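# Residue-level structure breakdown
Okay, here's what each chain looks like letter by letter:
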Amino acid sequence: MLIIAIILVGMLAGAAAQLVFRSGKRPIDWTAAIVTGLIGSFVGGMLISLLFGDGLNIRPSGLIGSIIGAIVVAGVYKLATGRAPGDRSRR
């Protein structure tokens, strides 16, 4: 059950990150949202949860950390490639 919750939280965090970095009215690329969200959830969610002493349980601090982590991962990806995650247009 925890694995499913982690995937769902990662997907939502990745979608939130795409909403921050998207241009125009492109739809959300759910594959990129899941990947970005899972990496961001792992990095941000786990670090924030451990800092606040919540352990590896799903708590509000971990959810907020997941969203922040996904936004940071999406921002680093955009800086490295020049494209937002899920942006399939060529520049």
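Refer to the structure printed above.
Residues numbered from 1 in each chain as written. Predicted model: local features only at pLDDT ≥ 70, side-chain atom pairs only at ≥ 80, totals over all residues. Heavy atoms only, no water.

With that settled, the discussion passes to the overall build of the chain. Within the chain one finds 3 helices and 0 strands. Going residue by residue from the N terminus, the α and β elements of the chain occur as α-α-α. Buried positions account for 31% of the 91 residues belonging to the chain. Nonlocal contacts in the chain, meaning residues at least 24 apart in sequence, comprise 57% of its contacts between residues at least 6 apart. As presented, the chain carries roughly 5,800 Å² of accessible surface, and 74% of it is formed by carbon and sulfur atoms. (Helix = DSSP H or I, 4+ residues; strand = E, 2+ residues; numbered from the N terminus. Buried < 20%, exposed > 50% of the residue type's maximum accessible area, 1.4 Å probe, protein only. Contact = heavy atoms within 4.5 Å. Areas by Shrake-Rupley, 256 points an atom, 1.4 Å probe, with all protein chains shown as cover.)

Taken together, Val35, Ile39, Phe42, Val43 and Leu47 make up a surface patch of nonpolar side chains, about 470 Å² in accessible area. Mapped onto the elements, Val35 comes out in helix α2 (residues 30–51). (Patch = residues over 30% accessible without salt bridge, like charges linked within 9 Å, V, L, I, M, F, W, Y side chains within 5 Å. Salt bridge = Lys/Arg side-chain N within 4 Å of Asp/Glu carboxyl O.)

What follows deals with the environment of Gly14. Structurally, the position occupied by Gly14 is in helix α1 (residues 2–21). The buried category is assigned to Gly14, whose relative accessible area is 0%. Residues within four places of Gly14 in sequence aside, it is in contact with Ala33, Gly37 and Ala70.

Here the focus is the environment of Trp30. Locating Trp30 in the fold gives a position in helix α2. The spatial distance from the C-alpha of Trp30 to the C-alpha of Leu12 is 9.4 Å, given a sequence separation of 18 residues. Leaving out residues up to four positions away in the same chain, Trp30 has contacts with Met11 and Ala15.

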